[in-house]
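Residue-level structural notes
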Amino acid sequence: MKLNEVKDNDGATKNAKRVGRGIGSGTGKTSGSGHKGQKARSGVSINGFEGGQMPIHRRLPKRGFTNIFRKNYVEVNLGRMQAAIDSGKLDAGKPVDAKALVNAGVISKARDGVRILAKGELKAKKLEIHAAGASKAAITAVEAAGGKVVIPTASAE
């Protein structure tokens, strides 16, 4: 294969419609916009307009709200941690925190903190996990394996 032989698959690209190019093109004169009126003009948007009837986005009631202060935690399962320990990416001898999880490739970004969940089995002994939060089942599973979960207290924030 040569560089000059490279081409798109059939149907991958479509030529742009050339409007206003003469009567024989089918889209000449008014360029497919019909005659006069709001829709024939440029720069006018009438999305959501229903001919004077109350639009659906105004007929339906507003519900709920979005909390702009909501924390966005990364959830990590114990099974995922154990897999990283088994593959040698995570050192069970050192405390496991958000930075260690990012370096090991378990998570891509720490966001507002890491929350530990109990799915999967943890076999690593004496694993110390520093996290923003953990489920009760996850804390129980880590302590049963001989480790501990360190969660900062609310007064520290």
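Residues numbered from 1 in each chain as written. Predicted model: local features only at pLDDT ≥ 70, side-chain atom pairs only at ≥ 80, totals over all residues. Heavy atoms only, no water.

Of the two faces of strand E2 (residues 114-117), only one is covered, namely that formed by Val114 and Ile116; the face formed by Arg115 and Leu117 stays uncovered. Sheet topology note: the strand E1 (residues 74-77)/E2 ladder contains 4 bridges and is parallel. When the bridges of E2 are listed, Asn77 appears paired with Leu117. Here E2 pairs with strand E4 (residues 133-134) via 2 bridges, running parallel. Residue pairing in the sheet places Arg115 in a bridge with Gly133 of E4. (Buried < 20%, exposed > 50% of the residue type's maximum accessible area, 1.4 Å probe, protein only. Helix = DSSP H or I, 4+ residues; strand = E, 2+ residues; numbered from the N terminus. Pairing = 2+ DSSP bridges.)

Our next topic: a nonpolar patch on the surface. A surface patch of nonpolar side chains, about 450 Å² in accessible area, is lined by Met1, Leu3 and Val6. Mapping Leu3 onto the fold places it in the segment before helix H1 (56-59). (Patch = residues over 30% accessible without salt bridge, like charges linked within 9 Å, V, L, I, M, F, W, Y side chains within 5 Å. Areas by Shrake-Rupley, 256 points an atom, 1.4 Å probe, with all protein chains shown as cover. Salt bridge = Lys/Arg side-chain N within 4 Å of Asp/Glu carboxyl O.)

A separate point is the nonpolar core. Ranked by size, the top nonpolar core spans 24 residues in total, and within it Val76, Leu101, Ile116 and Ile129 carry the most contacts. If you list the elements that add at least two residues to this core, you get E1, helix H2 (78-86), helix H3 (98-104), E2 and helix H4 (136-144). Per-element accounting of this core gives the leading share, 4 residues, to H2. (Core = buried A, V, L, I, M, F, W, Y, C linked by side-chain atoms within 4.5 Å.)

With that out of the way, let us pick up the side chain of Ser135. Along the chain, Ser135 falls in the loop between E4 and H4. Residues within four places of Ser135 in sequence aside, it is in contact with Arg115, Ile116, Leu117 and Ala118. (Contact = heavy atoms within 4.5 Å.)

Turning our attention to H2. Of the residues making up H2, those classed as buried are Leu78, Met81, Gln82, Ala84 and Ile85. The arc enclosing the buried residues of H2, seen along the axis, measures out at 160°, which places them on a common side. Those residues of H2 that are buried lie in contact with E1, H3, E2, strand E3 (128-130) and H4. Positioned one or two residues after H2, Gly88 has a phi angle of 85°, which is positive. (Arc of directions from axis to C-beta.)

The phi dihedral of Lys29 falls on the positive side, at around 50°, and the residue is not glycine. Relative to the helices and strands, Lys29 resides in the segment before H1. What makes Lys29 exposed here is its relative accessible area of 73%. In this structure, Lys36 takes a positive phi of about 50° despite not being glycine. Considering the arrangement of structural elements, one finds Lys36 in the segment before H1. Overall, the relative accessible area of 68% leaves Lys36 in the exposed class.

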